[in-house]
Amino acid sequence: MRARHQVLAAVLAALLWAIGPVRVMAGDDPVPTEVLAVADAALRAISDEDFIALTDLMVPETVLYAAGERDGERFLRSRSYAEERAQESPGDILERGFEPTVMVSGSVAMVWYPYDLWLDGTWVHCGVDIFNLVRTDAGWRIAAIVYSADQPPACAMHPDGPPG
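Residues numbered from 1 in each chain as written. Predicted model: local features only at pLDDT ≥ 70, side-chain atom pairs only at ≥ 80, totals over all residues. Heavy atoms only, no water.

## So, unusual backbone geometry
A cis amide bond links Pro 152 with the next residue in sequence, Pro 153, at an omega value of 10°. As for its position among the elements, Pro 153 is in the segment after β7 (139-148). Non-glycine residue Glu 99 carries a positive phi angle of around 50°. Here Glu 99 shows up in the loop between β3 (93-97) and β4 (101-105). At Asp 120, a position not held by glycine, the phi torsion is positive, near 50°. Tracing the backbone shows Asp 120 in the loop between β5 (108-119) and β6 (122-136). Residue classification places Asp 120 among the exposed positions, given a relative accessible area of 53%. (Helix = DSSP H or I, 4+ residues; strand = E, 2+ residues; numbered from the N terminus. Buried < 20%, exposed > 50% of the residue type's maximum accessible area, 1.4 Å probe, protein only.)

Laid out in structure tokens, this is it:
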């Protein structure tokens, strides 16, 4: 049974890779645009080093997870809403997202957002931000952020190249 699940997972992964990302940004539906606006605001808040503004986009139960690999060692770190809100900037941050994919189903949404991150003018890492959002009475809010923090060539720089 396990082998069958592994084969099914491999076939599904190959199909998804072959068709590429699904972008739910077409048509007159304003919801994907509203969802992407929250993810964009989060990236702006990070680049502005404004962690209060970032957490204002979240529900208080939000958890942030960073996963990656450095020197052959995998890591996983997490921060709570309160830890993120109290965070101090490590320097001059620029986080640039590109080619987002937005998926929405009723009151839940996800933005898959490749990014590169620069600290004090140096390219530090890149990866994918995954913003999980929920629709609340106050609008769309981030419920979780999971992101990879990798080194090239495991991920790519923004298509515009280094910041000018």
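## Concerning the environment of Ile 93
Mapped onto the fold, Ile 93 is located in strand β3. Between the C-alpha atom of Ile 93 and that of Ser 47, which follows or precedes it by 46 residues, the distance is 5.1 Å. Setting aside residues no more than four positions away along its own chain, Ile 93 makes contact with Ile 46, Ser 47, Glu 49, Phe 51, Leu 117, Trp 118 and Leu 119. (Contact = heavy atoms within 4.5 Å.)

## Side note on the pattern of salt bridges
In this structure the tally under the stated criterion is four salt bridges. A salt bridge links Arg 74 to Glu 69; its shortest N-O distance comes to 3.5 Å. The exposure class of Glu 69 is partly exposed, given its relative accessible area of 34%. The partner of Arg 79 in a salt bridge is Glu 84, and the shortest N-O contact between them spans 2.5 Å. Under the relative-accessibility criterion, Arg 79 is labelled partly exposed at 22%. Looking at Glu 84, the relative accessible area reads 2%, which means it is buried. (Salt bridge = Lys/Arg side-chain N within 4 Å of Asp/Glu carboxyl O.)

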